[in-house]
Every structure is written in C-alpha cells, then in structure tokens.
Amino acid sequence: MNQNKDIQQLLSEWEEAIGYQLSQDKQSIYMEGVKDGIRLILPVIQPTAIR
C-alpha cells in the first residue's frame with residue numbers, strides 16, 4: 001500500500017516537472033514569435049528605422 005503512494009507521488013512530481021518544462025518551451029516559442037513579428041512590423045511603422 002505504501003509503495004502505491006510512493007509511485008503516485010513520483011508520478012505526480014514527474015507530471016509537474018514535465019508540465020513546467022512544456023510551459024517554458026511554449027513561452028519561449030511565443031516570445032520568438034513576438035520578436036519575429038516586431039522585426040516584420042517595425043520597418044512598416046518606422047520606414048526610416050535601421051534594419
């Protein structure tokens with residue numbers, strides 16, 4: 001019975017760690033998209049800006 005609780009605890013910790021890593025990956029991908037969007041839109045907004 002104790003072993004089942006230990007296994008459940010380990011699985012819960014693993015799931016939390018994986019969820020955290022996935023959220024970090026998604027945030028990184030999102031921020032790269034924002035940066036790309038800014039690079040595309042900036043010359044249109046400020047045509048004299050140095051590229």
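Residues numbered from 1 in each chain as written. Predicted model: local features only at pLDDT ≥ 70, side-chain atom pairs only at ≥ 80, totals over all residues. Heavy atoms only, no water.

**What about the overall build of the chain?**
Then, in step 1: Helix and strand counts for the chain stand at 1 helix and 0 strands.
Then, in step 2: Overall, the chain is about 70 × 10 × 5 Å in size when its C-alpha atoms are taken along their principal axes.
Then, in step 3: Of all 51 residues assigned to the chain, the portion counted as buried reaches 0%.
Then, in step 4: Accessible surface computed for the chain: about 5,100 Å², of which carbon and sulfur atoms make up 60%.
Then, in step 5: When the 5 basic and 7 acidic side-chain charges of the chain are each reduced to a single mean position, those positions are 13 Å apart. (Helix = DSSP H or I, 4+ residues; strand = E, 2+ residues; numbered from the N terminus. Buried < 20%, exposed > 50% of the residue type's maximum accessible area, 1.4 Å probe, protein only. Areas by Shrake-Rupley, 256 points an atom, 1.4 Å probe, with all protein chains shown as cover. Lys, Arg positive; Asp, Glu negative; His and termini not counted. Charge placed at Lys NZ, Arg CZ, Asp CG, Glu CD.)

**A short note on the environment of I29**
Then, in step 1: Counting through the fold element by element, I29 comes out in helix 1 (residues 2-45).
Then, in step 2: Judged by its relative accessible area of 64%, I29 falls in the exposed class.
Then, in step 3: The spatial distance from the C-alpha of I29 to the C-alpha of L11 is 27 Å, given a sequence separation of 18 residues.

**Regarding the pattern of salt bridges**
Then, in step 1: Inspection of the entire model under this criterion finds 2 salt bridges.
Then, in step 2: Two residues, K35 and E32, come together in a salt bridge whose shortest N-O distance is 3.7 Å. You can see K35 and its partner E32 sitting in helix 1, 3 residues apart, about one turn around the helix.
Then, in step 3: Accessibility expressed as a relative area gives 39% for K35, which makes it partly exposed.
Then, in step 4: Here D36 makes a salt bridge to R39, at a shortest N to O gap of 2.7 Å. Taken as a pair, D36 and R39 lie in helix 1 at a separation of 3 residues, close to a single helical turn.
Then, in step 5: For D36, a relative accessible area of 40% corresponds to the partly exposed category.
Then, in step 6: By relative accessible area, which is 53% here, R39 ends up exposed. (Salt bridge = Lys/Arg side-chain N within 4 Å of Asp/Glu carboxyl O.)

**Considerations on a nonpolar patch on the surface**
Then, in step 1: A cluster of nonpolar side chains, contributed by W14, I18 and L22, occupies part of the molecular surface with about 320 Å² of accessible area.
Then, in step 2: Topologically, W14 is positioned in helix 1. (Patch = residues over 30% accessible without salt bridge, like charges linked within 9 Å, V, L, I, M, F, W, Y side chains within 5 Å.)

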